[in-house]
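Structural description and commentary
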Amino acid sequence: MAKSPAPAGSAQSDGKRLNTSVDPKARVQVSEALSKAVADSYTLYAKTLGVHWNVQGPNFYGLHKLTDAQYNELHTAADAMAERIRALGQLAPTGTAAFRELTVIENDAPHKPTPEMIKELVADNEAVARRMAEFAEMADEAGDAFTHDMLVARIGVHEENAWMLRSSLG
């Protein structure tokens, strides 16, 4: 009888035995939280990239440069978190279906005027910062200091991104 695949949002082991500082059960729980963080970061990356491509108006150059820096940073962060999932012995989420299931970011809307796109990015960064705080607390409770610190750093990045975008609205 063939084993049915796990739901897209659940952590899956890579089949390797690990002896790390993090308890095996906690590794699964932390990996599931990190999978959501990866999905949030990757979806926000794609959305920020879309804003970067489509921004218009008198603040074009500044917003174009700001969103460039933000989407590049998000790409790097998603990669680091996915690699942490692998270091915990789990498989990182892949594909738009998995990301869509795991994220709190809405990215299926048609193009909007620049101020509306920027307001959405502000709200999205704030939402991700709140989730990263929740995930960091979970990692701390699980005794995973490395993941905790990684996620705490993400909180600051998303709060700063929201501030910079909000300030650009005037």
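Before reading on, note that the structure itself is shown above.
One structure accompanies this document, and this report is about it.

Digging into the overall build of the chain
Counting its regular elements, the chain contains five helices and two strands. Across the chain, helices and strands are ordered from the amino to the carboxyl terminus as β-α-α-β-α-α-α. Every one of the 170 residues in the chain was classed for burial, and the buried ones make up 42%. Relative to all contacts within the chain whose residues are 6 or more apart in sequence, the contacts with residues 24 or more apart total 79%.

So, the pattern of salt bridges
Throughout the structure, instances matching the rule amount to eight salt bridges. As a salt-bridge pair, Asp144 and Arg84 come within 2.8 Å of each other at their nearest N and O atoms. Separated by 60 residues along the polypeptide, Asp144 in the loop between helix H4 (114-141) and helix H5 (145-168) and Arg84 in helix H2 (residues 60-87) bring together distant segments of the chain. Arg84 sits in the buried class, given a relative accessible area of 15%. In this structure, the salt-bridge partner of Arg100 is Asp108, at a minimum N-O distance of 3.6 Å. Here Arg100 and Asp108 have matching classes, each one exposed. Counted as one network, the salt bridges with shared partners bring together Lys47, Lys112, Glu120 and Asp124.

A few points about the packing of aromatic side chains
Counting across every chain of the model gives three aromatic pairs. Centre to centre, the rings of Tyr42 and Tyr45 are 5.4 Å apart; their planes meet at 40 degrees, and the pair counts as tilted. Highlighted residues: Tyr42 and Tyr45, both in helix H1 (residues 24-54), separated by three residues, approximately one helical turn. Measuring from centroid to centroid gives 6.0 Å for Tyr45 and Tyr71, while their planes differ by 65 degrees, and the two rings are edge-to-face. Of the two residues, Tyr45 sits in helix H1 while Tyr71 sits in helix H2, which places them 26 residues apart along the sequence. Since its relative accessible area comes to 13%, Tyr71 is described here as buried. What links up through ring pairs into an aromatic cluster is the set Tyr42, Tyr45, Tyr71 and Phe99.

Some remarks on H2
For H2, built from 28 residues, the straight-helix expectation of 40 Å at 1.5 Å per residue is met to within 8% by its first-to-last C-alpha distance of 40 Å. Among all positions in H2, only Leu63, Leu66, Thr67, Gln70, Tyr71, Leu74, Ala77, Ala78, Met81, Ala82, Arg84 and Ile85 are buried. Among the structural elements, H1, strand E2 (90-91), H4 and H5 are those in contact with the buried residues of H2. Just beyond H2, the residue with positive phi is Gly89, at close to 85 degrees.

Considerations on the nonpolar core
Of all hydrophobic cores here, the largest spans 41 residues; its most connected members are Leu34, Met81, Met132 and Leu151. Elements with a contribution of two residues or more to this core: H1, H2, helix H3 (96-102), H4 and H5. The dominant element in this core, judged by the number of residues it contributes, is H1, at eleven residues.

Points about the packing of H1 against H4
Closest axis-to-axis distance for the H1/H4 pair is 10 Å, and the angle between their directions is 165 degrees. It follows from the interaxial angle that H1 and H4 lie roughly antiparallel. Both H1 and H4 take part in a crossing whose hand is left-handed. Tallied by class, the residues present in the contact of H1 with H4 amount to 13 nonpolar, six polar and six charged.

Procedures and definitions
Residues numbered from 1 in each chain as written. Predicted model: local features only at pLDDT ≥ 70, side-chain atom pairs only at ≥ 80, totals over all residues. Heavy atoms only, no water. Helix = DSSP H or I, 4+ residues; strand = E, 2+ residues; numbered from the N terminus. Buried < 20%, exposed > 50% of the residue type's maximum accessible area, 1.4 Å probe, protein only. Contact = heavy atoms within 4.5 Å. Salt bridge = Lys/Arg side-chain N within 4 Å of Asp/Glu carboxyl O. Phe/Tyr/Trp six-rings, centres within 6.5 Å; stacked < 30°, edge-to-face > 60°. Expected span 1.5 Å × (residues − 1). Core = buried A, V, L, I, M, F, W, Y, C linked by side-chain atoms within 4.5 Å. Axes fitted to C-alpha atoms, helices over the stretch in contact; angles between N-to-C directions. Parallel < 35°, antiparallel > 145°, perpendicular 65-115°, else oblique. Left-handed = near helix turned anticlockwise from the far one by under 90°. Nonpolar A, V, L, I, M, F, W, Y, C, P; charged D, E, K, R; others polar.

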